[in-house]
Amino acid sequence: MIAYALVLSFAISFGFAAVVVRHVRRKRMNERHALLWLGLSTLVMLLSLFPRLLDRVARLLNVTYAPSLLYMLAILGMLFLLLHMTLAVSKLTERSNRLAQLVAIQEEKLRRLYGETGSRAGDGTENRSRDEFGNRSLHE
Amino acid sequence: MNRLLCPRNQPKLLIIVPAYNEAGHIRRVVGDIRRAVPDADIAVVNDGSTDATGAEAALAGATVLDLPYNLGIGGAVQTGFRYAARHGYDVAVQIDGDGQHDPADLHLLLDALETTGADMAIGSRFLEKAGYQSTFSRLIGIRLLALLVSLLTRQKATDPTSGYRACGRRAIALFADHYPADYPEVEALALMHRQGLRFAETPVTMKPRASGQSSITPLRSAYYMVKVTLALLIHHRLHAASAHKPQPAAGVETEGSA
């Protein structure tokens, strides 16, 4: 019974790692995030291959029911990953906000530039030269 | 910044009007502002509206900053501050696009900014208790936040949620880089305090909103209070050391109660 469970958990985590690698190869996941997932699945694979490792660690930590240690590790691992993802999302939001604001400002600038050269070309060049040499002409 | 790209002479005053789906009213709002302060530049920040808000604002003669998608009030107003910082404006005033803020009161804010030497002048509807005073439950929330802000910043604040405010150069520079994302008004005051900037209040009258929905529905009120309070406390805690030092500038009464 236990052996089947171990084979199953090994198979699942191996399959999981394979999926992650596939996504990285197809450039759908960046290596930084992939490392986290690969680390997690490697850990589960190791524990499946060497179940006594879990028992030994459980005994060390005074955990009487070894599998519960596995649950705890799994939950902690996922919590860590979720925290990591939340931080990543916050950062991306901040960046996309910044980008949107810059786009709005640049677009207005472009509109103004093209509007000038399009409908009031004379005005535009006049303004430019006045602005560029504005200080000098003031003093003269 | 390339001078070729901003061919206008350096104007002094920018009015920032955040607008989301206000096509029906934005022209009137821009027109009212234009009449109250003819020399000011008006930048309507179109926060990803799905209606013709941007086009209507342009027809009214405003500079339109079209956000490609909805950022919420904080992100929209910050766009205006970024624009103001880039183009070297001396004063930026936020006026909401829903008609709550009376442009006729603009000069009160500008005067307060100048006479108090503060970095920001806030239009408070509670200093003279005139005009629209909000609903009872909201008043309780505003009182609580006012108390908290007054304690944290060591400056008397009566209307910390007021969005009607004029910012000087230092505040513009600060907000161009850092501005809270949602429900930004209260947090912005704490942010200013941490950077050593001061605000001053001046009495204004507000109208009930003419259009659109308040971003703060009854359901979101609880979230609003918790979020703003937590944000104030979390950020304050990080800077507790500097806040406990006596700051002579912060103790000065700068309320424009003239």
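Residues numbered from 1 in each chain as written. Chains lettered and ligands numbered in written order. Predicted model: local features only at pLDDT ≥ 70, side-chain atom pairs only at ≥ 80, totals over all residues. Heavy atoms only, no water.

Focus: the overall build of chain A
Helix and strand counts for chain A stand at six helices and zero strands. Helices and strands appear in chain A in the N-to-C order α-α-α-α-α-α. Among the 140 residues that make up chain A, the fraction classed as buried is 21%. Sequence separation of at least 24 residues holds for 48% of the intrachain contacts in chain A that already meet a minimum separation of 6. Accessible area for chain A stands at about 10,700 Å²; split by element, carbon and sulfur atoms hold 68% of it. (Helix = DSSP H or I, 4+ residues; strand = E, 2+ residues; numbered from the N terminus. Buried < 20%, exposed > 50% of the residue type's maximum accessible area, 1.4 Å probe, protein only. Contact = heavy atoms within 4.5 Å. Areas by Shrake-Rupley, 256 points an atom, 1.4 Å probe, with all protein chains shown as cover.)

Overview of the layout of surface pockets
Any empty space left between atoms is shown by rolling a water-sized probe over those atoms. Residue and element names in this part refer to chain A. Looking at the second largest pocket, its volume works out to about 850 Å³. Lining the second largest pocket are 27 residues, with Ser9, Val44, Ser48, Leu70 and Ala74 sitting closest to its centre. When residues of the lining of the second largest pocket are traced back to their parent elements, those giving at least two are helix 1 (2–25), helix 2 (31–49), helix 3 (51–60) and helix 4 (66–119). In terms of residues, the lining of the second largest pocket owes the most to one element, helix 4, which gives eight residues. (1 Å grid on protein atoms, 1.4 Å probe; cavity = no way out; pocket = protein on both sides within 12 Å on 5 of 7 lines; lining within 4 Å. Points joined across faces, edges and corners; volume = space filled by probe spheres on them.)

Side note on the packing of aromatic side chains
All names here are of chain B. Under the definition given, this model contains eight aromatic pairs over all chains. Considering the side-chain rings of Phe175 and Tyr179, the 5.1 Å spacing of their centres and the 70° angle between planes classify their relative orientation as edge-to-face. For the pair Phe175 and Tyr179, a shared accessibility class is recorded, and that class is buried. (Phe/Tyr/Trp six-rings, centres within 6.5 Å; stacked < 30°, edge-to-face > 60°.)

Some details on the pairing of strand 2 (residues 41–46) of chain B
All names here are of chain B. Within strand 2, six of the six residues are buried, which leaves it mostly tucked inside the rest of the structure. Judged by which residues are buried, strand 2 turns out to be covered on both faces: Asp41, Ala43 and Val45 on one side and Ile42, Val44 and Asn46 on the other are all buried. Remark: the strand 1 (residues 13–19)/helix 1 (residues 26–36)/strand 2 crossover connection has right-handed handedness. Here four bridges tie strand 2 to strand 3 (residues 63–66), and the two strands are oriented parallel to one another. Opposite Val45, over in strand 3, you have Leu65 as the bridge partner. (Right-handed = clockwise from strand over helix to strand, strands pointing away. Pairing = 2+ DSSP bridges.)

Some points on the side chain of Asp66(B)
Counting through the fold element by element, Asp66(B) comes out in strand 3. Engagement of the side chain of Asp66(B) in a polar contact is seen with the side chain of Arg111(A), the distance being 3.3 Å. Side-chain polar atoms of Asp66(B) contact the side chain of Asn46(B), separated by 2.7 Å. If near-sequence neighbours (up to four positions away) are discounted, Asp66(B) is found in contact with Ala104(A), Glu107(A), Arg111(A), Asn46(B) and Gly54(B). (Polar contact = N/O pair within 3.5 Å; in protein donor to acceptor, adjacent residues only side chain to side chain.)

Quick look at helix 3 (residues 72–86) of chain B
Residue and element names in this part refer to chain B. Along its 15 residues, helix 3 runs 21 Å from first to last C-alpha, staying within 8% of the 21 Å computed at 1.5 Å per residue. Here helix 3 lies mainly inside the structure; 11 of its 15 residues are buried. Taken together, the buried positions of helix 3 are Gly74, Gly75, Ala76, Val77, Gln78, Thr79, Gly80, Phe81, Arg82, Tyr83 and Ala84. In the stretch just after helix 3, Gly88 is the one whose phi turns positive, near 65°. (Expected span 1.5 Å × (residues − 1).)

Quick notes on the confidence of the model for chain A
All names here are of chain A. Mean pLDDT over chain A works out to 78, with 81% of the residues at or above the 70 mark. By mean pLDDT, helix 5 (residues 121–132) is the weakest element of chain A at 34, and helix 1 is the strongest at 87. Below a pLDDT of 50 lies the segment residues 116–140, which in the model reaches 19 contacts outside its immediate sequence neighbourhood of four places, other chains included. (pLDDT = per-residue confidence, 0-100.)

Here's the deal with the pattern of salt bridges
All names here are of chain B. This model, assessed by the stated rule, comprises 10 salt bridges over all chains. In this structure, the salt-bridge partner of Arg169 is Asp90, at a minimum N-O distance of 2.7 Å. Taken as a pair, Arg169 in helix 6 (residues 169–177) and Asp90 in the loop between helix 3 and strand 4 (91–94) lie far apart in primary sequence, 79 residues in all. Judged by its relative accessible area of 46%, Arg169 falls in the partly exposed class. For Arg125, the salt bridge goes to Asp159, with nearest N and O atoms at 2.8 Å. In this pair, Arg125 sits in the loop between strand 5 (120–124) and helix 5 (136–153) while Asp159 sits in the loop between helix 5 and strand 6 (165–167), placing the two residues 34 residues apart along the sequence. We note that Arg125, like Asp159, is buried. Taken together, the shared-partner salt bridges in this structure form one network comprising Arg28, Asp32 and Arg35. (Salt bridge = Lys/Arg side-chain N within 4 Å of Asp/Glu carboxyl O.)

What about the sheet that holds strand 1 of chain B?
Residue and element names in this part refer to chain B. Sheet architecture is open: seven strands sit in the order 3-2-1-4-6-5-7, paired in mixed fashion. Either end of the sheet is taken by a strand with one partner, and the two such strands are strand 3 and strand 7 (199–203). Each strand of the sheet is rotated relative to its neighbour by a mean of 20°, with strand direction disregarded. Relative to strand 6, strand 4 is paired through three bridges, and the arrangement is antiparallel. Bridge pairing in strand 6 places Gln94 opposite Arg165. (Axes fitted to C-alpha atoms, helices over the stretch in contact; angles between N-to-C directions.)

Section: the domain arrangement of chain A
Residues and elements named next belong to chain A. Domain annotation for chain A reports domain 1 (1–50) and domain 2 (65–121). Contacts between the two partners involve six residues from domain 1, matched on the other side by seven residues from domain 2. Between domain 1 and domain 2, roughly 640 Å² of surface is buried when both sides are summed, and carbon and sulfur atoms account for 86% of that area. For the interface between domain 1 and domain 2, the tally reads zero salt bridges. Summed over the shared surface of domain 1 and domain 2, the result is zero residue pairs in polar contact (both at pLDDT 80 or more). Considering only residue class, the side of domain 1 that touches domain 2 consists of four nonpolar, one polar and one charged. (Domains from an automatic or database assignment. Buried area = accessible area lost by both parts, 1.4 Å probe. Nonpolar A, V, L, I, M, F, W, Y, C, P; charged D, E, K, R; others polar.)

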